[in-house]
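# Residue-level structure breakdown
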Amino acid sequence: MNYFSMSKKIIILIIIILIIFAGALTMDWFGLSLSKVFSYENKGTQEITKNEPKEIENQGISDQEKPEQNNQETKSSEPEIETFNIIGKNFTFSLKEIRVKKGDNIHIVFTSEEGFHDWVVDAFKAATQRVQTGQTTEVTFVADQIGTFEYYCSVGDHKAKGMIGTLIVE
Ligand SMILES: [Cu+2]
């Protein structure tokens, strides 16, 4: 009786193990931990991991090519960076008027030739740092609304003394 009951237990155990392994194989219960047990699955994952970088590289190349093509096709509609060099002194700006197109990136390079000044346009929340004589500061913003806007120096009463100009966005 003992011998038979032992062999029955072993058979039941084997069946249970087979069911677990079969389930694990077909439904991937154990994920990567199981693939370590089975060498052919391990090869499979290695092939997958080898393929992934190639796909990423290919995507990388195609992504780089696409923007270049887009640049050539839609050059006119892409926002341009407009740089303006403005000099400030007591108490005036070298540029009294700046004219740009809506959507342009506006890059202001502001240099103080005399005194302590900055360049501010409230409508676009754009402001350079305040700089002393001989120093240069920069600010970049997007002219995302059409209209006529005031720019000025925010130091003391410089605005009232004439450090003011007009930004026209068309
Ligand atoms: Cu000023």
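Residues numbered from 1 in each chain as written. Predicted model: local features only at pLDDT ≥ 70, side-chain atom pairs only at ≥ 80, totals over all residues.

Moving on, we get to the overall build of the protein. What the protein contains, in helices and strands, is three helices and nine strands. Put simply, the protein runs from its N terminus to its C terminus through helices and strands in the order α-α-α-β-β-β-β-β-β-β-β-β. Taking contacts inside the protein between residues at least 6 apart in sequence as the whole, the part at least 24 apart equals 59%. (Helix = DSSP H or I, 4+ residues; strand = E, 2+ residues; numbered from the N terminus. Contact = placed C-beta atoms within 7 Å.)

If you look at the biggest cluster of nonpolar residues, it comprises 14 residues, and the most contacted ones within it are Ile-108, Trp-119, Val-120, Val-121, Tyr-151 and Leu-167. Elements supplying a minimum of two residues to this core: strand E4 (105-112), strand E5 (120-121) and strand E9 (164-169). The element contributing the most residues to this core is E4, with three residues. (Core = buried A, V, L, I, M, F, W, Y, C linked by C-beta atoms within 7 Å. Buried ≥ 20, exposed ≤ 12 C-beta atoms within 10 Å, placed from the backbone.)

Attention shifts here to the sheet that holds E4. Read across the sheet, four strands follow the order E2-E1-E4-E7 without closing on themselves; strand pairing throughout is mixed. With partners counted over all chains shown, the strands left at the sheet margins are strand E2 (92-93) and strand E7 (136-142), one partner each. Across eight bridges, strand E1 (residues 81-89) lies against E4 in parallel orientation. Among the inter-strand pairings, Gly-88 is bridged to a residue of E4, identified as Ser-112. (Pairing = 2+ DSSP bridges.)

Because side chains alternate across E9, one face comprises the buried residues Gly-165, Leu-167 and Val-169, and the other comprises Ile-164, Thr-166 and Ile-168, none of which is buried. Of the strand pairs in this sheet, strand E3 (residues 97-100) and E9 are connected by four bridges, and their pairing is parallel. Residue Glu-97 lies in a different strand from E9, and its bridge partner there is Thr-166. Across six bridges, the pairing between strand E8 (residues 147-152) and E9 is antiparallel. Each bridged residue has a counterpart across the sheet, and for Gly-147 the counterpart in E9 is Val-169.

Let us now look at the confidence of the model for the protein. Confidence along the protein averages 75 in pLDDT terms, with 56% of residues attaining 70 or more. Below pLDDT 50 for its whole length, residues 30-75 participates in six contacts with residues either more than four positions away or in separate chains. (pLDDT = per-residue confidence, 0-100.)

A few words on the environment of Lys-161. With respect to the helices and strands, the residue Lys-161 is situated in the loop between E8 and E9. Assessed through the 12 C-beta atoms surrounding it within 10 Å, Lys-161 is described here as exposed. Separated by 69 residues in the primary sequence, Lys-161 and Thr-92 place their C-alpha atoms 8.0 Å from one another.

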